[in-house]
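Observations on the model geometry
Okay, here's what each chain looks like letter by letter:
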Amino acid sequence: MLEQQKTPTPRFCKSLTLIVATIFLAGVTATLIQYNKLPASIPVLQSFKSEHAQFGPKITIFYLPFIALMLFLLLQYLEMKAAYPTLRKNKPTLSYIQRQNGIITFCLIKNSILLYFTYSLFNDLTVALGHDRILQQWHAYVFLFVLSTIFIMGIVRGVLLNKKE
């Protein structure tokens, strides 16, 4: 009955999540500390082609971190859900190694998203305080490439694991 037990989260996922969550909290804390120094209207929806696409109230600096936190919590829930065997219609439950593959994939995706959004928060704070942007267009492309690669590798590994059994 080992097949029906919860699959433990790999230790590196726990460590990675702790490190990335700490960096995210540091970013939010730095923003809270600098909040009073921000002008009443800050650049939002910045494009890579022009200086600023649109201005908004300074509270908007917290919109992306909020979205990042919601995505992180959703992916954390899915990661936890992937650890338990679930009954599937006309199919056997996923094996231990297949569930662990799902856990690792969700772990890497959620931490990548949170890290990128934190980097974006630091960029928004830097630009709002009147400094040059640190987030460049190629950074966004690299992030999308890394995220896509993690997702595709998780799917391919899952398919290969399914064929082995």
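Reading the values: rules and limits
- Residues numbered from 1 in each chain as written.
- Predicted model: local features only at pLDDT ≥ 70, side-chain atom pairs only at ≥ 80, totals over all residues.
- Heavy atoms only, no water.
- Salt bridge = Lys/Arg side-chain N within 4 Å of Asp/Glu carboxyl O.
- Helix = DSSP H or I, 4+ residues; strand = E, 2+ residues; numbered from the N terminus.
- Buried < 20%, exposed > 50% of the residue type's maximum accessible area, 1.4 Å probe, protein only.
- Phe/Tyr/Trp six-rings, centres within 6.5 Å; stacked < 30°, edge-to-face > 60°.
- Contact = heavy atoms within 4.5 Å.
- Axes fitted to C-alpha atoms, helices over the stretch in contact; angles between N-to-C directions.
- Parallel < 35°, antiparallel > 145°, perpendicular 65-115°, else oblique.
- Left-handed = near helix turned anticlockwise from the far one by under 90°.
- Nonpolar A, V, L, I, M, F, W, Y, C, P; charged D, E, K, R; others polar.

What follows deals with the pattern of salt bridges. Two side chains bearing opposite charge may form a pair once their charged atoms approach each other closely. Per the stated rule, a full pass over the model turns up one salt bridge. A salt bridge links E79 to K110; the shortest N-O distance between them is 2.8 Å. Taken as a pair, E79 in helix α2 (residues 63-82) and K110 in helix α3 (residues 96-128) lie far apart in primary sequence, 31 residues in all. The class for E79 is buried, based on a relative accessible area of 5%. Owing to a relative accessible area of 1%, K110 belongs among the buried residues under this scheme.

The subject of this paragraph is the packing of aromatic side chains. Evaluated as defined, the whole model comprises two aromatic pairs. Ring centres 5.7 Å apart and planes at 35° place the aromatic pair Y35 and F62 in the tilted group. Taken together, the residues span a long stretch of sequence, with Y35 in the loop between α1 (11-34) and β1 (41-44) and F62 in the loop between β2 (54-57) and α2 at a distance of 27 residues. Grouping residues by exposure puts Y35 and F62 together as buried. Geometrically, the ring pair formed by Y116 and F143 is stacked, given 4.1 Å between the ring centres and 10° between the ring planes. Residue Y116 is located in helix α3, and its partner F143 is located in helix α4 (residues 137-164); the two are separated by 27 residues in the primary sequence. Each member of the pair, Y116 as well as F143, is classed as buried.

For the rest of this paragraph, the subject is the side chain of Q100. For Q100, the position within the fold is in helix α3. Q100 sits in the buried class, given a relative accessible area of 18%. For Q100, the residues in contact, after removing those within four places along its chain, are T7, P8 and P10.

Our focus in this paragraph is the packing of α1 against α2. Following both chains from N to C, one finds α1 and α2 inclined at 160°, their axes separated by 12 Å at the closest point. Classified by the angle between their axes, α1 and α2 sit roughly antiparallel to one another. α1 and α2 meet at a crossing whose hand is left-handed. Along its contact with α1, which presents T17, F24 and V28, the element α2 presents P65, A68, L69 and F72. Looking at the contact of α1 with α2 residue by residue, the classes come out as six nonpolar, one polar and no charged.

Structural measurements only, silent on function.
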